[in-house]
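# A look at the structure
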Amino acid sequence: MGKLFENRIIESSIFANKELLRPTYIPENLPHRKKQLKSLADTLSAALKGKTPSNLLIYGKTGTGKTATVKYVDKQLEEKGEKMDSKCTLIYINCELFDTQYRVFAYLARVFNKKVPTFGWTTDKVYSEFKRVIDKEDRCVIVILDEVDKLVTGGEETLYNLSRINSELNNARVRMIGISNDPTFTELLDTSVRSSMSEEELIFPPYNANQLQDILTERAEIAFNKSVIKGEVIPLCVAFAAQEHGNAMRALDLLRVSGEIAEGTKSDVITEEHVRLANEKIETDRIAEAVKILSLQSKIVLSSVLLLSKKNSNRQFSSGEVYEMYRRLCDHLGIEALTYRRVTDFFVELEILGLINAKIVGRGRYGRTREISLSVPEVLLQPLLVEDPMLKAISNI
Ligand SMILES: Nc1ncnc2c1ncn2[C@@H]1O[C@H](COP(=O)(O)OP(=O)(O)OP(=O)(O)O)[C@@H](O)[C@H]1O
Ligand SMILES: [Mg+2]
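Residues numbered from 1 in each chain as written. Chains lettered and ligands numbered in written order. Predicted model: local features only at pLDDT ≥ 70, side-chain atom pairs only at ≥ 80, totals over all residues. Heavy atoms only, no water.

### A few points about the overall build of the protein
A tally of helices and strands in the protein yields 15 helices and 8 strands. Oriented by its inertia axes, the alpha-carbon framework of the protein measures out at about 70 × 60 × 45 Å. Counting only residues that meet the buried cut, the protein has 47% of its 397 residues in that class. Considering only residue pairs separated by 6 or more positions, the protein has 70% of its internal contacts joining residues 24 or more positions apart. Summing over all exposed atoms, the protein offers an accessible surface of approximately 21000 Å²; the carbon and sulfur share of this is 50%. (Helix = DSSP H or I, 4+ residues; strand = E, 2+ residues; numbered from the N terminus. Buried < 20%, exposed > 50% of the residue type's maximum accessible area, 1.4 Å probe, protein only. Contact = heavy atoms within 4.5 Å. Areas by Shrake-Rupley, 256 points an atom, 1.4 Å probe, with all protein chains shown as cover.)

See the structure below:
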């Protein structure tokens, strides 16, 4: 047998089953989500009994278990529904993948065996066909729209149609469950759609350190071999994830990457040092991903904040100071500088990507003044920015 395969067959001394640490795995048990599970089960069981439950909107920051909880309930309800022979169908859709009205209704229609081409029909036809096919029977269709905010730019008609569909049906009933980590997205919706979508609301609060500890301990028991994890490993993963507003996804990623690093260094145990390296790796990957999608102008604005931070002991700068540095940098690079107003749009973009903080502190000569600081370590950011050939020149400033 070739060497290439030899290594792959050798069993891991670290992981019992690494897949159990990935986001696709739905745990058998969801600690600290009892209230949310009960609330979801209560509203959904109405569907099993043949009633039409109200629409539901689920909010919570990233990594608070929204997708995991809904999929868990979905699985349970489907099993129960089969046993009770209920005419209730649950359909899970991730709107990041199905982000237009055409895609959503084509997918929904296909669930009921209606063939819809990937393109070519009008959107109205796809919607009418979906209505026609479900209305053949007395049934309840529950559409779960995960990451529903992704529909707001370009797919908002989907929400409009789903919120009024029941008035156009004779036999079937439709209900929607929207899930989002952006509490502001409904502001962009029509008032009637907004109130229809959020007849009921369910909040997923961030996990605190103790709750994260429970979640990780339970998962580590099944994902790792016995005695692999040193005592301080889980608390350190928790401490890093708690800084990220109690993000369970981050905590589980840390545990998995720590295990991979331990494995890569042929260690039989995971130590605190592996967790620190894992944290740095995850953070670098996240920053690299964010920097990669920036336009050149945006990168110059970010470089301006970086240079100011490097040159000053004070780490916070006014938007005017950043703009001055930006203009000098543009001069240095031989690029035409944009107006102050345009540059403030980049502050907002960079803040959303988690690269800077840009708090509004008042009004100044040019309009709103922001207090700007880097929200990522300088040492990680600089090499990523100078990777852009246009920005090589700043490496020696
Ligand atoms: N209470 C819990 N018990 C066990 N595992 C959990 C719990 N909550 C979350 N997780 C795990 O944490 C990870 C993130 O959860 P999930 O994907 O559900 O977050 P989310 O709220 O949907 O985040 P996003 O807004 O980014 O989509 C998943 O791997 C999930 O299995
Ligand atoms: Mg999710």
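Next, the rest of the story.
### Describing the pairing of strand β2 (residues 88-94)
Remember that side chains alternate between the two faces of the sheet whenever the strand is regular. The buried fraction of β2 is high, at 6 of 7 residues. Where β2 meets strand β3 (residues 140-146), 7 bridges bridge the pair, whose relative direction is parallel. From the neighbouring strand, T89 faces β3, where its bridge partner is V141. (Pairing = 2+ DSSP bridges.)

### Here's the deal with the site of ligand 1
Contacts to ligand 1 come from 22 residues, most closely from P31, T62, K66, T67 and Y207. In this structure, T62 approaches ligand 1 through a side-chain N or O atom, which is 2.4 Å from an oxygen atom. Here A68 contributes a backbone N or O atom positioned 2.8 Å from an oxygen atom of ligand 1. With the chains in place, 94% of the 630 Å² that ligand 1 exposes on its own is no longer accessible. Secondary structure elements with two or more residues in the shell around ligand 1: α3 (66-84), α8 (209-223) and α10 (248-264). Residues from two domains meet in the shell around ligand 1; each of domain 1 (34-204) and domain 2 (207-290) gives at least three. (Near = heavy atom within 4 Å. Polar contact = N/O pair within 3.5 Å; in protein donor to acceptor, adjacent residues only side chain to side chain. Domains from an automatic or database assignment.)

### Section: the side chain of T69
Among the secondary structure elements, T69 is positioned in helix α3. For T69, a relative accessible area of 0% puts it in the buried group. If we ignore the near neighbours within four places in the chain, the residues touching T69 are L30, R33, L37, L40 and F204.

### Some remarks on the environment of D253
When you line up the elements, D253 lands in helix α10. Judged by relative accessible area, D253 falls into the buried class, the value being 19%. Placed 230 residues apart in sequence, D253 and P23 show a C-alpha to C-alpha distance of 8.8 Å.

### Quick word on the domain arrangement of the protein
Along its sequence, the protein is carved into domain 1 (34-204), domain 2 (207-290) and domain 3 (293-396). For domain 2 versus domain 3, the separation of C-alpha centres amounts to 32 Å. Between domain 2 and domain 3, the residue contacts involve 8 residues of the former and 10 residues of the latter. Between domain 2 and domain 3, roughly 700 Å² of surface is buried when both sides are summed, and carbon and sulfur atoms account for 69% of that area. When the area that domain 2 buries against domain 3 is broken down by residue, the three leading residues are R286, I287 and A290, summing to 65%. Inspection of the region where domain 2 meets domain 3 yields 0 salt bridges. Viewed at the interface, domain 3 and domain 2 are joined by 2 residue pairs in polar contact (both at pLDDT 80 or more). (Buried area = accessible area lost by both parts, 1.4 Å probe. Salt bridge = Lys/Arg side-chain N within 4 Å of Asp/Glu carboxyl O.)

### Observations regarding the packing of aromatic side chains
With the rule as written, the count across this model stands at 7 aromatic pairs. The interplanar angle of 90 degrees and the centroid separation of 5.4 Å between the aromatic rings of Y323 and Y340 together place this pair among those described as edge-to-face. Taken as a pair, Y323 in helix α13 (residues 319-333) and Y340 in helix α14 (residues 340-352) lie far apart in primary sequence, 17 residues in all. What makes Y323 buried here is its relative accessible area of 8%. Lying over the aromatic face of Y92, K71 brings its terminal NZ or CZ to 4.6 Å of the ring centre. The ring of W121 has K125 sitting right over it, with the charged end atom 4.2 Å from the ring centre. (Phe/Tyr/Trp six-rings, centres within 6.5 Å; stacked < 30°, edge-to-face > 60°. Lys NZ or Arg CZ within 6 Å of the ring centre and 35° of its normal.)

### Observations regarding the state of the cysteines
What we call a disulfide is simply a covalent bond connecting the sulfur atoms of a pair of cysteines. Across all of its chains, the model carries 0 disulfides by this definition. C140 provides the cysteine sulfur closest to C88, a residue in no disulfide bond, and the two sulfurs are 4.7 Å apart. (Disulfide = S-S within 2.5 Å.)

### A few points about the nonpolar core
As a rule of thumb, soluble globular proteins bury nonpolar side chains together. Core analysis: the largest hydrophobic core is formed by 39 residues, its most contacted members being L302, L355, I356 and L381. Among the elements of the structure, α11 (272-292), α12 (296-311), α13, α14, β7 (356-364), β8 (367-374) and α15 (378-385) are those that each provide at least two residues to this core. Ignoring any residue separated from it by four or fewer positions in sequence, one finds L302 in contact with V291, L294, L350, L355, I356, L374, L381 and L385. By size, the runner-up hydrophobic cluster in this structure holds 35 residues, among which are L145, L159, L162 and L169. (Core = buried A, V, L, I, M, F, W, Y, C linked by side-chain atoms within 4.5 Å.)

### Focus on the sheet that holds β3
Read across the open sheet, the 5 strands follow the order β2-β3-β4-β1-β5; overall the sheet is parallel. What marks the edges here is a single partner per strand, and that holds for β2 and β5 (200-204). Geometrically, the sheet is characterised by an average inter-axis angle of 15 degrees between neighbouring strands, direction not taken into account. Strand direction decides the pairing type here: strand β1 (residues 56-60) and β5, joined by 5 bridges, are parallel. Directly across from I58, in β5, lies its bridge partner L202. Most of the contacts of helix α2 (residues 34-48) go to β5, to which it runs at about 150 degrees, and overall it touches β1, β2, β3, β4 (173-180) and β5. (Axes fitted to C-alpha atoms, helices over the stretch in contact; angles between N-to-C directions.)

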